[in-house]
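The chain contents come next:
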Amino acid sequence: MDNHLEAGAPVGVDRLLLDEVRAIASAAGRAIMAVYRKDFEVEHKADASPVTEADLVANHLIAERLEGLGSGWPILTEEGRAPPWRERRGWQRYWLVDPLDGTREFVKRNGEFSVNIALIDAGLPVLGVVLAPAVDLEYAAIRGQGAWRYHDQPGPIQVRTPADPPTLALSRSHASRREMHLIETFSRPGAEARVVRCGSSLKTCLVAEGKADLYPRLGPTSEWDTAASQCVLEAAGGHLTDLSGRPLHYNTRDSLLNPMFVAHNGLPLDFDRLHEIAAL
């Protein structure tokens, strides 16, 4: 176990700061929904991923308001220019933001997209907010202090005891033949593993609130895709690790791409088998 993972949030990371970040996420959510309710154009970035007016509006709003907090901490967002590694490597604490996670779901208008804001300290997320504005659902967490879900009945959340067979949270937009092998791997004789599907970082949050046991991601993601929901999951008693069982760390190298990972509630995992499935 990483000793830093067992530590609480650093000084200055508290419920007051969390409430300020929640307010920023809420404002971004309102801006996103204003675009969602009208006709909008979809463009594509160099990596073929979609981008809309909502991504850009939310990005500007979040960056401006985080700067307005006056902390002086750097801000790294999906839609902003990433500073070179020689600059980033000196960051102890910084904001890591995906202003609209799940743009494909936004374009499909299925509501399963989110605003993700995380605070990274010494390579680990210590504060996280995940807001799904279309369904009025929010998760928030502080490392060592707890995780909370805000919806019809707001309150603290925890992962559940692993089920047998488990429930897998899987993507709507990235279905692949690997899924068949994942479901088969986690099924038991006479009892197939259950599957729940949704978009964006909400899959990790389903594990955090005890509605799923694991979310295996065997495809590419970037650091801003996972940081906020990792904080929620770990504060709720779960784990988000690479396929060697190591917790994801941030800003440790030049690339901003994550390794393949699995978010889970302590379910025993055969990482060799996950590597085999990933290679398919």
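Above this note sits the structure.
Predicted, not measured: the structure shown is a model, and the values here were computed from it. (Residues numbered from 1 in each chain as written. Predicted model: local features only at pLDDT ≥ 70, side-chain atom pairs only at ≥ 80, totals over all residues. Heavy atoms only, no water.)

A. The arrangement of the sheet that holds strand S7 (residues 137-142) in detail. Reading across from one edge, S3-S4-S5-S6-S7-S8-S9 is the order of the seven strands in this open sheet, with mixed pairing throughout. Only two strands of the sheet have a single neighbouring strand rather than two, namely strand S3 (75-77) and strand S9 (155-156). Relative to S9, strand S8 (residues 146-150) runs antiparallel, the two sharing two bridges. Bridging from a neighbouring strand, Trp148 pairs with Pro156 of S9. (Pairing = 2+ DSSP bridges. Helix = DSSP H or I, 4+ residues; strand = E, 2+ residues; numbered from the N terminus.)

B. The arrangement of the pairing of strand S14 (residues 261-264) in detail. The alternating pattern of S14 places Phe261 and Ala263 on one face and Val262 and His264 on the opposite face, and all of these are buried. As defined by bridge partners, strand S12 (residues 214-217) adjoins S14 across four bridges and the pair is classed as antiparallel. Counterpart to Leu214 in the pairing with S14 is His264. Taken together, the four bridges between strand S13 (residues 239-242) and S14 define a ladder with antiparallel strand orientation. Residue pairing in the sheet places Thr241 in a bridge with Val262 of S14. (Buried < 20%, exposed > 50% of the residue type's maximum accessible area, 1.4 Å probe, protein only.)

C. Fine view of the pairing of strand S6 (residues 124-132). The element S6 is extensively covered by neighbouring structure, given that nine of its nine residues are classed as buried. Examined bridge by bridge, strand S5 (residues 114-121) and S6 share seven bridges and lie antiparallel to one another. Note on S6: the bridge partner recorded for Val115 is Leu131. Taking the residues between adjacent antiparallel strands as the criterion, S5 and S6 are bridged by two residues, where Ala122 takes a positive phi near 50°. Relative to S7, S6 is paired through six bridges, and the arrangement is antiparallel. Opposite Leu127, over in S7, you have Ile142 as the bridge partner. Linking S6 back to S7 in an antiparallel pair, the connection comprises four residues, with Asp136 at a positive phi of about 55°.

D. Looking closely at the side chain of Asp213. Note on placement: Asp213 falls in the loop between helix H7 (202-208) and S12. At 2.7 Å, the side chain of Asp213 forms a polar contact with the backbone nitrogen of Thr167. When residues no more than four places from it in sequence are discounted, the contact partners of Asp213 are Arg160, Thr161, Pro162, Ala163, Pro166, Thr167, Val207, Ala263, His264 and Asn265. (Polar contact = N/O pair within 3.5 Å; in protein donor to acceptor, adjacent residues only side chain to side chain. Contact = heavy atoms within 4.5 Å.)

E. The nonpolar core, seen in detail. If you look at the biggest cluster of nonpolar residues, it comprises 36 residues, and the most contacted ones within it are Leu96, Tyr139 and Val232. Those elements giving two or more residues to this core turn out to be strand S4 (93-101), S5, S6, S7, H7, helix H8 (223-235) and S14. Of all the elements, H8 adds the most residues to this core, at six residues. Non-local contacts of Leu96, meaning those with residues more than four positions away in its chain, are made with Leu76, Asn116, Ile117, Ala118, Ile120, Glu223, Trp224, Ala227 and Tyr250. The next biggest cluster of nonpolar side chains, apart from the first, holds 35 residues, and it includes Ala54, Val97, Val126 and Ile142. (Core = buried A, V, L, I, M, F, W, Y, C linked by side-chain atoms within 4.5 Å.)

F. Structural detail: the environment of Phe186. On the secondary structure map, Phe186 appears in helix H6 (residues 178-186). Once the C-alpha coordinates of Phe186 and Pro166 are considered, the two residues, 20 residues apart in sequence, prove to be 6.7 Å apart. Once you skip the residues sitting within four places of it in the chain, Phe186 turns out to touch Pro165, Pro166, Leu168, Ala193, Leu214, Leu267, Leu269 and Leu274.

G. A look at the packing of aromatic side chains. Throughout the structure, instances matching the rule amount to seven aromatic pairs. Note on Phe40 and Phe106: the rings are 4.8 Å apart at their centroids and 40° apart in plane angle, and the pair reads as tilted. Here Phe40 is found in the loop between helix H2 (15-36) and strand S1 (42-44), whereas its partner Phe106 is found in helix H5 (residues 103-108), with 66 residues between them in sequence. There is no split in this pair, since Phe40 and Phe106 are both buried. Of the aromatic side chains, those joined through ring pairs into one cluster are Tyr36, Phe40, Phe106 and Phe113. (Phe/Tyr/Trp six-rings, centres within 6.5 Å; stacked < 30°, edge-to-face > 60°.)

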